[in-house]
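Descriptive structure summary
Listed below are the residues making up each chain.
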Amino acid sequence: MKDISIIIPVYNESSNITLLYSRLKNVVSQITTHYELVFVNDGSRDNSMAMIKKLSSEDPSVKYIDFSRNFGHQVAVSAGIDLAAGNAMVIIDADLQDPPELILEMYKKYKEGNEVVFAKRKTRKGESVFKLLTAKIFYRILSSITAIDIPLDTGDFRIIDKKIAEVLKQMPEQEKFLRGQIAWAGFNQTFVEYERNERHAGKTGYPFKKMLRFALDGITSFSNFPLKFATLAGFAVSFVAFILMLYALYSRFILKDFVQGWTSLILSVLFIGGIQLICLGIIGEYISRMSNNIRNRPMYIVKETNI
Ligand code: UDP
Ligand code: MG
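The present account deals with the structure reproduced in this document.

**A word on the sheet that holds strand 7 (residues 189-196)**
The strand order across the open sheet formed by eight strands is 7-5-6-4-1-2-3-8, and the pairing between neighbours is mixed. The open sheet has two edge strands with one neighbour each: strand 7 and strand 8 (302-305). When the angles between neighbouring strand axes are averaged without regard to direction, this sheet yields 20°. Each of strand 1 (2-10), strand 2 (35-41) and strand 3 (62-67) touches helix 1 (residues 17-28); the most contacted strand, strand 1, lies at about 165° to it.

**Notes on the pairing of strand 6 (residues 154-161)**
Within strand 6, eight of the eight residues are buried, which leaves the element mostly enclosed by the surrounding structure. Note that strand 4 (residues 86-91) and strand 6 share four bridges and pair antiparallel. Following the sheet pairing, Ile91 is matched in strand 6 by Arg158. Looking at chain direction, strand 5 (residues 116-124) and strand 6 are connected through four bridges and run antiparallel. Directly across from Phe118, in strand 6, lies its bridge partner Arg158.

**Observations regarding the packing of helix 6 (residues 162-169) against helix 7 (residues 178-185)**
Between helix 6 and helix 7, whose axes approach to 10 Å, the crossing angle comes to 115°. For the element pair helix 6 / helix 7, the angle class is roughly perpendicular. The way helix 6 lies across helix 7 gives a crossing that is right-handed. In this structure, helix 6 uses Ile164, Val167 and Leu168 to contact helix 7, whose residues at the interface are Leu178, Gln181, Ile182, Trp184 and Ala185. Taken together, the residues that form the contact of helix 6 with helix 7 break down as seven nonpolar, one polar and no charged.

Thresholds, definitions, all that
- Residues numbered from 1 in each chain as written.
- Chains lettered and ligands numbered in written order.
- Predicted model: local features only at pLDDT ≥ 70, side-chain atom pairs only at ≥ 80, totals over all residues.
- Heavy atoms only, no water.
- Pairing = 2+ DSSP bridges.
- Helix = DSSP H or I, 4+ residues; strand = E, 2+ residues; numbered from the N terminus.
- Axes fitted to C-alpha atoms, helices over the stretch in contact; angles between N-to-C directions.
- Contact = heavy atoms within 4.5 Å.
- Buried < 20%, exposed > 50% of the residue type's maximum accessible area, 1.4 Å probe, protein only.
- Parallel < 35°, antiparallel > 145°, perpendicular 65-115°, else oblique.
- Left-handed = near helix turned anticlockwise from the far one by under 90°.
- Nonpolar A, V, L, I, M, F, W, Y, C, P; charged D, E, K, R; others polar.

On their own, these measurements won't tell you what the molecule is for.
See below:
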């Protein structure tokens, strides 16, 4: 049994692994000697895996899970949680945006009896205005349309207790939104604040497309509001359309003025068409996720592991 497992998703991080390893080692050895560093290689195309294997041959506390291809950050973290042995598990990015030294403070709060200690960003350095703004808007929308309290301005950098890990294993959905699932689990949750640094080296593995998919996963996994919105919008538009229909009949039979009105006709056709497409799109988002889950494929495929 280990006191702590550090779970590190890795996607093309060869320029960060060495420094990350020594900083983590330094921090975690101040807490305990019973620990493991679980590197989850998410189909990196650089030599990250070779570096991790080399570390593991020199240091038995280094464990690795090597995926058969890229499955995405959330899935990589989930695999780490599935296979790690620690009583406490730390989830941390490999690019040193999450300072390993903060783990000391987080662990203290964990020991005070909190099953989840997440790290809340006071500031975020080196990220585009666009990313900061979209992230801010997204988390505000999410918290206003979901019933659970997903903490604002947090990522996945956190300590979770084994109990939380057990809850997560019972949530086999394919579209992972870990920070939501962990909030949903309950127990005692608290946070520490920190300044988020820039990436030490390398470049982001979260381009806009992945971010958008992640945001939609967060919303569709925890809220049916968009589906309700489709219904509400449908009613609102039908109501307006009904009034317009009465008006059209009135002008046709009473006012005998039926050549004009092309403008309003075309406007309403376009408007209703637009709303219908939005509603279909919303329903489609949910259905595609349902079909993913019905297929029941494994969430990830492990090529090799030393656990
Ligand atoms: N990552 C991953 N799979 C991916 C993309 C990213 O395992 O498909 C890892 C990456 O190596 C890093 C963490 O997830 O440890 C966060 O990714 P990144 O720093 O690229 O995201 P950002 O901080 O730019 O949002
Ligand atoms: Mg990063």
